Amino acid sequence: YISWSHPPLRVLEEEQDRLASINSLPMFCFPDVDLVEQVRKMKTETYCFVFTDLQAQNKFGYCRRFLPAPKQNPPEKRFPVVYCMVTKLRSFETFSKIFDQVVELRDFSSAGAYSFLKALIEQNAPKPARSITVKYINAKIGNLVDIHVARVTADQRFEHVDLVHVLNKLGSKLLVEIFINLLVERKLLFVAECLSDLTTVIHSIMQLLYRYTGRASTFLCYLRR
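Just so you know, the residues in each chain are numbered from 1, in the order the chain's sequence is written. With the structure being a predicted model, the display of local features is reserved for residues of pLDDT at least 70 and the display and counting of side-chain atom pairs for 80 or more, all residues being used for whole-chain, interface and lining totals. Only hydrogens and water are set aside; all other atoms, that is, all heavy atoms of the structure, feed into the side-chain values.

Asker: What exactly am I supposed to notice about the packing of aromatic side chains here?
Answerer: Aromatic rings in a pair are described by how distant their centres are and how their planes are angled relative to each other. The aromatic pairing rule takes the rings of Phe, Tyr and Trp, using the six-membered ring of Trp, and pairs them if the centres are within 6.5 Å, calling planes under 30 degrees apart stacked, those over 60 edge-to-face and the rest tilted. Scanning all chains against the criterion turns up four aromatic pairs. Relative to Tyr 83, the ring of Phe 66 has its centre 5.8 Å away and its plane inclined at 10°; by these criteria the two rings are stacked. Of this pair, Phe 66 sits in strand S2 (residues 58-66) while Tyr 83 sits in strand S3 (residues 81-87), and the two are 17 residues apart along the sequence. Accessibility classification places Phe 66 together with Tyr 83 in one group, the buried group. A run of H or I in DSSP counts as a helix once it spans at least four residues, and a run of E counts as a strand once it spans at least two, with each numbered from the N terminus. Only protein chains enter the calculation, and the probe is 1.4 Å; a residue is then buried if its accessible area is under 20% of its type maximum, exposed if over 50%, and partly exposed in between.

Here it is in structure tokens:
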């Protein structure tokens, strides 16, 4: 379920098409919803998906999944939480750094994290290789705080491309086989235990195919052992 959104869901009640699209987001944030369970510790994951709304417009959904801070000692079991930002902007590293700030604020106060997100969303996106300044009230110290949000590279297509990680995960032989199948426009199924690994591998492969304009379809799947 969605516990917080900006604009608030009640504001979108008259925009039924947009509201329907937003209400479907939890399925993208938790593609493994049948496997999600309460745990005492887990690895934080950052991943993204391509979201097509009812107007057939493609947007990127950037997600940070983490375990909220425990309320007692020893830590109790709890469900993971996902922050998701849907945008037309393609800039994985930028949103990854934004999520770092959000999670840090949330550990002290959810209101502080929401205040920062609201102030950020109301700003225009930074241009490539530029930054913007976000002003918001920090609930921890009670003062107005400035945070700089930057686009890391001038060419966002090559953000989050880690070829060493891809080679370690797939190996050179399998990587060559993947490219052979993509170039002859065969459908591929990628299976991973970790959404972060899946995102990194897919992004890297897509950028290695940059300027190739074939009609190959890539199907993604996330599974756990």
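Asker: Would you mind showing me how to read the confidence of the model for the protein here?
Answerer: Caution is warranted with low-pLDDT regions, since their predicted coordinates should not be read in detail. A residue-level look at the protein finds 71% of positions with pLDDT of 70 or above and a mean pLDDT of 76. Across the protein, the element-wise mean pLDDT spans from 52 in strand S7 (residues 218-222) up to 88 in S3. The predictor rates its confidence in each residue with pLDDT, a number between 0 and 100.

Asker: Can you help me understand the packing of helix H5 (residues 163-170) against helix H7 (residues 195-208) in this one?
Answerer: In a pair of packed helices, the angle between the axes and the distance between the axes together describe the arrangement. Orientation of H5 relative to H7, taken along the N-to-C sense of each, is 110°, at an axis distance of 9 Å. In terms of orientation, H5 lies roughly perpendicular with respect to H7. In this structure, the crossing between H5 and H7 has a hand that is left-handed. Where H5 approaches H7, its residues Leu 163, His 165, Val 166, Lys 169 and Leu 170 are matched on the opposing element by Asp 197, Thr 200, Val 201, Ser 204, Ile 205 and Leu 208. Residues are grouped as follows: Ala, Val, Leu, Ile, Met, Phe, Trp, Tyr, Cys and Pro are nonpolar; Asp, Glu, Lys and Arg are charged; all remaining types, including Gly, are polar. Its residues assigned to classes, the contact of H5 with H7 comprises six nonpolar, three polar and two charged. Axis definition: a line fitted to C-alpha atoms, over the contacting stretch in the case of helices. Angles run 0 to 180 degrees between N-to-C directions. If an angle is under 35 degrees, it is roughly parallel; if it is over 145, roughly antiparallel; if it lies from 65 to 115, roughly perpendicular; otherwise it is oblique. Rotating anticlockwise by less than a right angle from the far helix to the near helix defines a left-handed crossing, while the corresponding clockwise rotation defines a right-handed one. Here, residues are in contact when the closest pair of their heavy atoms is within 4.5 Å.

Asker: Quick question: what am I supposed to make of the pattern of salt bridges here?
Answerer: Pairing is possible between side chains that carry opposite charge, provided their charged atoms lie close to one another. Put simply, a salt bridge is a Lys or Arg side-chain nitrogen that is within 4 Å of an Asp or Glu carboxyl oxygen. Under the definition given, this model contains three salt bridges. Across the pair Arg 64 and Asp 100 runs a salt bridge whose closest N-O atoms are separated by 2.9 Å. In this pair, Arg 64 is assigned in strand S2 and Asp 100 in helix H3 (residues 92-108), connecting sequence segments 36 residues apart. Note on Arg 64: relative accessible area 6%, which makes it buried. The closest approach of N and O atoms between Lys 169 and Asp 197, which form a salt bridge, is 3.3 Å.

Asker: Looking at this model, I keep getting lost on the state of the cysteines. Mind explaining?
Answerer: Note on terminology: disulfide describes a covalent bond linking the sulfur atoms of two cysteines. Any two cysteine sulfur atoms within 2.5 Å of one another count as a disulfide. The final tally for this structure, using the stated rule, is zero disulfides. Cys 84 supplies the cysteine sulfur nearest to Cys 29, a cysteine that is in no disulfide, at a spacing of 3.8 Å. The exposure class assigned to Cys 29 is buried, which follows from its relative accessible area of 7%. The thiol of Cys 63 is not disulfide-bonded; the next cysteine sulfur, from Cys 84, is found 3.8 Å away. Judged by its relative accessible area of 0%, Cys 63 is buried.

Asker: Explain the environment of Leu 208 to me, please; I cannot follow it from the model alone.
Answerer: Its place among the elements puts Leu 208 in helix H7. Judged by its relative accessible area of 42%, Leu 208 is partly exposed. Separated by 45 residues in sequence, Leu 208 and Leu 163 place their C-alpha atoms 9.3 Å apart. Setting aside residues no more than four positions away along its own chain, Leu 208 makes contact with Leu 163 and Phe 179.

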